[in-house]
Amino acid sequence: MRVQLFSAAVVMALGPVMMHAQGRDVPVPSNCSPQVNTKLQTMIQEHPKGYVENVMACGISAGTRVNSGGKHGSHHIITLNVTLPDGQAAKIQIAINDSLDGVVSAKPGDSVFAYGEGYTTSGLWVAGIHDVHCSTHPTADNGWVVVNGNKTPKSCPTRRSRN
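Everything in this summary refers to the structure shown in the same document.

Rules used in this analysis
- Residues numbered from 1 in each chain as written.
- Predicted model: local features only at pLDDT ≥ 70, side-chain atom pairs only at ≥ 80, totals over all residues.
- Heavy atoms only, no water.
- Buried < 20%, exposed > 50% of the residue type's maximum accessible area, 1.4 Å probe, protein only.
- Helix = DSSP H or I, 4+ residues; strand = E, 2+ residues; numbered from the N terminus.
- Pairing = 2+ DSSP bridges.
- Disulfide = S-S within 2.5 Å.

Before going further, it helps to spend a moment on the pairing of strand 6 (residues 144-147). One face of the sheet, then the other: side chains in a regular strand alternate in exactly this way. Burial along strand 6 is two-sided: W144 and V146 and V145 and V147, pointing in opposite directions, are all buried. Pairing of strand 4 (residues 111-120) with strand 6, which is carried by 4 bridges, proceeds in the antiparallel orientation. Residue pairing in the sheet places V112 in a bridge with V147 of strand 6. Across 3 bridges, strand 6 lies against strand 7 (residues 150-152) in antiparallel orientation. Along strand 7, the bridge assignment pairs V147 with N150. Linking two consecutive strands that pair antiparallel, namely strand 6 and strand 7, is a turn of 2 residues; a positive phi of about 50° is found at N148 within it.

Take a look at the structure:
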């Protein structure tokens, strides 16, 4: 009986937190057009110092490399060639955390869509998207990566209403 009461108390205490951590599901576009990359273009132009929630990108993969270990674990990094709405081409990275998101890679020429937390960078890539997994904080939608029509993650926990 004590265990049941304790479990009920934990669920009641953590319930509101858990409800807020479940994001909205955003559909994958049916085709890759420069307009899909609109928020990405705005982020690149504004070059914010921090992260930008709910950024979508689509393009053609130039390949995948693996960063093993590190502070946040191993990552598969897909280099993505995108076309922005203003007609410019950009090279971005999709950073997939192997332990949180699963192992996802793309070969050169693969079609890739990604949705998650955006950031700007310098060097080979002008920007990137990470946190391409089910939402872990209240302001983020559920993220995903789609390579040649294969979506990861396939689904996220059902979202409850935010009060």
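Evaluated as defined, the whole model comprises 2 disulfides. C32 shares a disulfide with C58; S-S distance 2.1 Å. Across the S-S bond of C32 and C58 the torsion is about 85°, and the bridge reads as right-handed. Placement of the pair is C32 in the loop between helix 1 (2-20) and helix 2 (38-46) and C58 in strand 1 (residues 52-67), with a sequence separation of 26 residues. Between the sulfur atoms of C134 and its disulfide mate C156 the distance is 2.1 Å. Residues C134 and C156 share a disulfide whose torsion about the S-S bond is about -95°; that sign makes it left-handed. A residue pair is termed long-range when its members are at least 10 positions apart, and C134 in the loop between strand 5 (127-130) and strand 6 and C156 in the segment after strand 7 qualify at 22 residues. Side by side, C134 and C156 carry an identical accessibility label, which is buried. Taken in N- to C-terminal order, the disulfide-linked cysteines of the protein are connected 1-2, 3-4.

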